[in-house]
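Architecture and fold: a report
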Protein chains: 2
Amino acid sequence: MTALLNDRLLRALAREPVDRTPVWFMRQAGRYLPEYRATRAKAGSFLGLATNPEFACEVTLQPLARYALDAAILFSDILMIPKAMGVGLSFVEGEGPQIERPVRSARDIEALPVPDPAKELRFVTDAVALIRRELAGRVPLIGFAGSPWTVATYMIEGGSSREFAQAKKLLYGDPKALHALLAKLARATTDYLNAQVEAGAQALMIFDTWGGILATPAYYEFSLAYMEHVVGSLVREHDGRPVPVILFTKGGGAWLERLSAAGADALGIDWTTELSAARRDTLGRVALQGNLDPGALFATPDSIRAEVARVLESYGRGPGHVFNLGHGIQPGVDPENVAAMVSAVHELSPAYHR
Amino acid sequence: MTALLNDRLLRALAREPVDRTPVWFMRQAGRYLPEYRATRAKAGSFLGLATNPEFACEVTLQPLARYALDAAILFSDILMIPKAMGVGLSFVEGEGPQIERPVRSARDIEALPVPDPAKELRFVTDAVALIRRELAGRVPLIGFAGSPWTVATYMIEGGSSREFAQAKKLLYGDPKALHALLAKLARATTDYLNAQVEAGAQALMIFDTWGGILATPAYYEFSLAYMEHVVGSLVREHDGRPVPVILFTKGGGAWLERLSAAGADALGIDWTTELSAARRDTLGRVALQGNLDPGALFATPDSIRAEVARVLESYGRGPGHVFNLGHGIQPGVDPENVAAMVSAVHELSPAYHR
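Residues numbered from 1 in each chain as written. Chains lettered and ligands numbered in written order. Predicted model: local features only at pLDDT ≥ 70, side-chain atom pairs only at ≥ 80, totals over all residues. Heavy atoms only, no water.

**Structural notes on the nonpolar core**
Ranked by size, the top nonpolar core spans 279 residues in total, and within it A:M155, A:V338, A:M341, B:M155, B:L181, B:V338 and B:M341 carry the most contacts. Every residue in contact with B:L181, bar those within four places of it in the chain, is listed here: B:V103, B:I109, B:L112, B:A152, B:M155 and B:I156. (Core = buried A, V, L, I, M, F, W, Y, C linked by side-chain atoms within 4.5 Å. Buried < 20%, exposed > 50% of the residue type's maximum accessible area, 1.4 Å probe, protein only. Contact = heavy atoms within 4.5 Å.)

In structure tokens, the structure reads:
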């Protein structure tokens, strides 16, 4: 393997000293970039893009050509596991994901296969290997998956949801069936993430986008417990280097102390929680990643710089901070505003590491 | 005025002893009830329902005929103030509110009038007076309004939003203009709530549905500060009785200590925060209202009873708890499941007050 030329991300995740705060951002390969939209048009559909290693590699690298970022993140989707389980995934323009055969009973769950990543998810591991070659050691590559609970919500609802009626019905009405689904998803997620590491992913992130819609005991029982299972079963070293793991529960600000004991190296923090509070609550156990309000990118370069300054100050001095947004970048953002964010991190963060 | 026959709600909001925990729930007059849908059909449209005092009175009373609730809440909508400001409000079936002339610049904001509730919002105060007569003292009537920030998001976005791009653009890019809008909305909200009290509302609730999408300092500056203005300017006594005020920021679990010092009598707590944690954080300053997961109502009577028990136990012994959902009831809920919730509160809560 080629030497890694920029290891700021990995050092920060290990809470080792760095010269400045590393920066990347969720959905950095995405619709706000005209070059992404062009590749997406060539691919014909979102799934056409996500399942083709060459296209996935192309869009993964696009933001790195524009911005001096410290990491690449695999372009993919958290629903590749349900796709591989054969539930009939499609993406309808403007409506998000749709699942043809939702999973709502013990029988549905029993019938689901645990996919073999070397077969049904080969297009992902091929993309990882290709991206690693193309990156040639410039920055590390982050692999990812959805949390079992978050992926389960889509499988149960049959797509996106605002109310999660079916998922809540199962959670409160038939918790045993939900546990069976989550256990299966945890196994599949572990295999999938380990296959990404085997193919070249140098760090891993687990996205728990919908953990925050749960009551506290339900969060611990149905979301956190299964992320802990996954984290505990991951290969944490590859090619002689540690493979750090980042957990991110959107809306999980109240649960950070428990989350910090889940076995991950770092926690993603959404923009509604102050990094100073997160640092206090996590007791120095983990690095923190975040957390500019993605909505701040709709304003002006000057106001973005002021908000970047505020986020850096909230984390404060010393190692263990990875700059990021508090959630994925939104499609309507002007790419120039992103440049203002990245420059501000470059210019303002060294003071916190001297 | 007729004597109040059931003052459990008012006693609990004052943190005085009660025989059992009072119960009502957000959107109790709503689409989950077939009788509501029938009245809505008669009225022809949502606005036709909300702006007609007879229809509004009819649907306000419907849940009380089915369930032994301890309060009525005025049937209305948080967007009546923008309607009265003349921004062109309509409700499109299945798409929610739409505002014809969104407010996005200092000039737009300058041009907005502060409505006179006795004129432009007379249909609301008439509804309040009519409901009070029809209630004949059975239970108290709660009046309400949206928080200035929450109402502002609709006015800026032109309707519902998931990303709040325009609102965030104004917040970060032109905070002075946003402050001007919020100050105007705070004045209008104060006048509106005082007029509801004058017409007969016996308690008030302020719904900050979208405070939780803000970063902490932005929440304090743009949402909480204006709720404090409103609370500080309300008439807190009428007809020789105190008029308690309840503040509810959905997603505000991290800010409860600050919220508890805002001058309100009680805080609404959403279902993601444990009442035990909320009680600890609010330092005995306020009563607490909440917080069954609205999604729990999609399951079975037995599982609902178990969740009610859990919520009661989380608050614990002693006065100061009003049982409610953690957010509005969802349209697809079976009314029989609501009955199970109400019965469980009646049966299980006396033990916490002995």
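Additional details are given in the paragraphs that follow.
**Side note on the relation of the copies chain B and chain A**
Each copy superposes on the other: chain B lies on chain A with an RMSD of 0.0 Å after a rotation of 180° and an axial shift of 0.0 Å. One copy is carried onto the other by what is essentially a two-fold rotation axis. Using C-alpha coordinates, one finds that chain B approaches the rotation axis most closely at B:A254, a distance of 3.4 Å. A shared binding surface is used by both copies, with 100% of the interface residues of chain B retained as interface residues in chain A. (Least-squares fit on C-alpha atoms with pLDDT ≥ 70 in both.)

**So, the sheet that holds strand β1 (residues 72-73) of chain B**
Residue and element names in this part refer to chain B. Taken in spatial order, the 7 strands of this open sheet run β1-β4-β5-β8-β9-β10-β11, and their pairing is parallel. A strand with exactly one partner marks an edge of an open sheet, and here the two such strands are β1 and β11 (321-325). In terms of strand pairing, strand β10 (residues 287-292) meets β11 through 5 bridges, oriented parallel. When the sheet's bridge partners are listed, N291 is paired in β11 with N324. (Pairing = 2+ DSSP bridges. Helix = DSSP H or I, 4+ residues; strand = E, 2+ residues; numbered from the N terminus.)

**Some thoughts on the pairing of strand β8 (residues 245-249) of chain A**
Residues and elements named next belong to chain A. In terms of residue burial, β8 counts as a mostly covered element, since 5 of its 5 residues are buried. Residues of β8 alternate between two faces, with V245, L247 and T249 on one and I246 and F248 on the opposite face, all of them buried. As defined by bridge partners, strand β5 (residues 203-208) adjoins β8 across 5 bridges and the pair is classed as parallel. Directly across from F207, in β8, lies its bridge partner F248. Sheet topology note: the β8/strand β9 (residues 266-268) ladder contains 3 bridges and is parallel. Each bridged residue has a counterpart across the sheet, and for I246 the counterpart in β9 is A266.

**Thoughts on unusual backbone geometry**
Peptide bonds are trans in most cases, and residues, glycine excluded, mostly fall at negative phi. Residues and elements named next belong to chain A. Following G290, the chain continues to N291 via a peptide bond in cis, the omega torsion being -10°. Following the sequence through the fold, N291 ends up in strand β10 (residues 287-292). The phi angle at A136 is positive, at roughly 50°, despite the residue not being glycine. One can find A136 in the loop between α7 (122-135) and β4 (141-146).

**Some points on the interface of chain B and chain A**
Of the residues lining the interface, 29 residues belong to chain B; the matching set on chain A comes to 29 residues. Here chain B is connected to chain A by 2 salt bridges. The partner of B:K168 in a salt bridge is A:D293, with the nearest N and O atoms 2.9 Å apart. Inspection of the region where chain B meets chain A yields 8 residue pairs in polar contact (both at pLDDT 80 or more). Those elements that provide at least two residues to the side of chain B that touches chain A are α9 (165-173), α11 (216-233) and α14 (301-315) of chain B. With 5 residues, the single largest contributor to the side of chain B that touches chain A is α9(B). Classifying every residue of the side of chain B that touches chain A by side-chain character gives 13 nonpolar, 8 polar and 8 charged. (Salt bridge = Lys/Arg side-chain N within 4 Å of Asp/Glu carboxyl O. Polar contact = N/O pair within 3.5 Å; in protein donor to acceptor, adjacent residues only side chain to side chain. Nonpolar A, V, L, I, M, F, W, Y, C, P; charged D, E, K, R; others polar.)

**A closer look at the packing of helix α8 (residues 148-157) of chain B against α9(B)**
Residue and element names in this part refer to chain B. Across the interface, α8 lies against α9 with an axial gap of 8 Å and an inter-helix angle of 110°. Classed by the angle they form, the pair α8 and α9 counts as roughly perpendicular. Between α8 and α9 lies a crossing whose hand is right-handed. Mapping the contact onto sequence places W149, I156 and E157 in α8 and A165, Q166, A167, L170 and L171 in α9. Its residues assigned to classes, the contact of α8 with α9 comprises 6 nonpolar, 1 polar and 1 charged. (Axes fitted to C-alpha atoms, helices over the stretch in contact; angles between N-to-C directions. Parallel < 35°, antiparallel > 145°, perpendicular 65-115°, else oblique. Left-handed = near helix turned anticlockwise from the far one by under 90°.)

**Side note on the packing of aromatic side chains**
Residue and element names in this part refer to chain A. Applying the stated criterion to the full structure yields 20 aromatic pairs over all chains. Between F207 and F248, the aromatic rings sit 6.4 Å apart at their centres with planes inclined by 90°, giving edge-to-face as the arrangement. In this pair, F207 is assigned in strand β5 and F248 in strand β8, connecting sequence segments 41 residues apart. For the pair formed by F207 and F248, the shared burial category is buried. An aromatic cluster of at least three residues, connected via ring pairs, comprises Y36, F46, F75 and F91. Against the face of Y220 rests R258, its NZ or CZ located 3.8 Å from the ring centre. (Phe/Tyr/Trp six-rings, centres within 6.5 Å; stacked < 30°, edge-to-face > 60°. Lys NZ or Arg CZ within 6 Å of the ring centre and 35° of its normal.)

**Some thoughts on the sheet that holds strand β11 (residues 321-325) of chain A**
Residue and element names in this part refer to chain A. A sheet is described by the order of its strands in space; here 7 strands give the open sequence β1-β4-β5-β8-β9-β10-β11, paired in parallel fashion. Whereas interior strands pair on both sides, the edge strands pair on one side only; in this sheet they are β1 (72-73) and β11. Strand contacts of helix α11 (residues 216-233): β5 and β8, with the helix running at about 165° to β5, the strand carrying the most contacts.

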